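The lines below spell out each chain.
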Amino acid sequence: EAGVAQSPRYKIIEKRQSVAFWCNPISGHATLYWYQQILGQGPKLLIQFQNNGVVDDSQLPKDRFSAERLKGVDSTLKIQPAKLEDSAVYLCASSLVPVARQPQHFGDGTRLSIL
Amino acid sequence: GESVGLHLPTLSVQEGDNSIINCAYSNSASDYFIWYKQESGKGPQFIIDIRSNMDKRQGQRVTVLLNKTVKHLSLQIAATQPGDSAVYFCAENIGSSGSARQLTFGSGTQLTVLP
């Protein structure tokens with residue numbers, strides 16, 4: 001089966017600019033996650049969707065980050081305005097269902113560099 | 001060893017030897033654990049998982065051991081190969097009511113396989 005698709009693979013912007021990332025989960029996966037992975041650290045959950053509804057966005061910096069999954073499939077994550085500390089890899093993951101003990105499957109991420 | 005909160009940055013092993021990567025977790029409510037492998041420039045790749053009602057689970061060349069008494073998890077890789085060189089993360093999933101089940105990742109262990 002096709003894996004989680006993310007684009008772009010790399011993005012370089014200046015601070016205070018805006019940026020958007022796109023994710024297409026594995027077909028049939030109802031749950032979608034966005035993670036931030038800073039160099040040398042493990043991924044940190046930003047937001048979790050179940051179909052097109054937000055389940056958990058407690059760690060999303062809502063003053064600058066937003067995410068949506070309008071039709072319950074693809075998702076976009078946006079940062080506006082970007083700060084230097086936002087330099088990281090942004091990973092998208094999906095799983096069949098959230099409540100059962102199912103592994104999350106990850107895309108290869110978007111590497112964001114803020115100048 | 002690695003813990004969700006602390007980390008052992010690197011582990012070097014000779015090709016053909018067995019590798020053991022350790023992980024300590026702190027939340028006794030965690031009921032599901034996953035090991036991921038992350039190669040440079042790629043997203044985390046699922047290796048093996050284990051539920052809290054099990055002590056051991058085996059896959060192809062990998063074994064995960066869970067000791068709930070001391071809240072310790074380990075990943076054993078048999079006959080380590082150069083392709084096993086990567087960062088390995090353990091992640092814990094805390095059971096909760098409803099649909100939000102958050103994965104918490106450790107900082108990772110860099111495994112280097114020496115020729």
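Computed from a predicted structure; not experimentally measured. (Residues numbered from 1 in each chain as written. Chains lettered and ligands numbered in written order. Predicted model: local features only at pLDDT ≥ 70, side-chain atom pairs only at ≥ 80, totals over all residues. Heavy atoms only, no water.)

Turning to the state of the cysteines, a few remarks are in order. Here a disulfide denotes a covalent bond joining the sulfur atom of one cysteine to the sulfur atom of another. Overall, the coordinates contain two disulfides over all chains when judged by the stated rule. Across a sulfur-sulfur distance of 1.9 Å, Cys23 of chain A and Cys92 of chain A are joined as a disulfide pair. Looking along the S-S bond of the Cys23 of chain A-Cys92 of chain A disulfide, the torsion reads about -70 degrees, which is the left-handed sense. Within this pair, whereas Cys23 of chain A is found in strand E3 (residues 19-24), its partner Cys92 of chain A is found in strand E9 (residues 88-95), the two being separated by 69 residues in sequence. Here Cys23 of chain B connects covalently by a disulfide to Cys90 of chain B, the sulfurs 1.8 Å from one another. One disulfide, between Cys23 of chain B and Cys90 of chain B, carries an S-S torsion of 45 degrees and so falls in the right-handed class. On the criterion of sequence distance, the pair formed by Cys23 of chain B in strand E3 (residues 19-24) and Cys90 of chain B in strand E9 (residues 86-94) is long-range, its members being 67 residues apart. (Disulfide = S-S within 2.5 Å. Helix = DSSP H or I, 4+ residues; strand = E, 2+ residues; numbered from the N terminus.)

Looking now at the pairing of strand E11 (residues 110-114) of chain A. All names here are of chain A. What you see with E11 is a clean split: Thr110, Leu112 and Ile114 sit on the buried side and Arg111 and Ser113 on the side with no burial. Here strand E2 (residues 10-13) runs beside E11; their pairing, made up of four bridges, is parallel. Note that in E11 the partner of Ile13 across the bridge is Ile114. Pairing of E9 with E11, which is carried by three bridges, proceeds in the antiparallel orientation. Looking at the pairing, Val89 lines up with Arg111 of E11. (Buried < 20%, exposed > 50% of the residue type's maximum accessible area, 1.4 Å probe, protein only. Pairing = 2+ DSSP bridges.)

A separate point is the interface of chain A and chain B. On the side of chain B, 22 residues touch chain A, which itself brings 25 residues to the contact. At the boundary of chain A with chain B, total buried surface from both sides reaches about 1,900 Å², with 51% on carbon and sulfur atoms. Taken together, the links from chain A to chain B amount to zero salt bridges. Our count for the chain A to chain B interface comes out at four residue pairs in polar contact (both at pLDDT 80 or more). Mapped by element, the contributors of at least two residues to the side of chain A that touches chain B are strand E4 (31-37), strand E5 (44-50) and strand E6 (53-56) of chain A. Ranked by residue count, the leading element in the side of chain A that touches chain B is E4 of chain A, at three residues. Partitioned by chemical class, the residues of the side of chain A that touches chain B number 11 nonpolar, nine polar and five charged. (Contact = heavy atoms within 4.5 Å. Buried area = accessible area lost by both parts, 1.4 Å probe. Salt bridge = Lys/Arg side-chain N within 4 Å of Asp/Glu carboxyl O. Polar contact = N/O pair within 3.5 Å; in protein donor to acceptor, adjacent residues only side chain to side chain. Nonpolar A, V, L, I, M, F, W, Y, C, P; charged D, E, K, R; others polar.)

Attention shifts here to the environment of Val54 of chain A. Residue and element names in this part refer to chain A. Considering the arrangement of structural elements, one finds Val54 in strand E6. Using a relative accessible area of 45% as the deciding quantity, one classes Val54 as partly exposed. Val54 sits 22 residues away from Leu32 along the chain, and the two C-alpha atoms are 9.5 Å apart. Leaving out residues up to four positions away in the same chain, Val54 has contacts with Ile47, Gln48 and Phe49.

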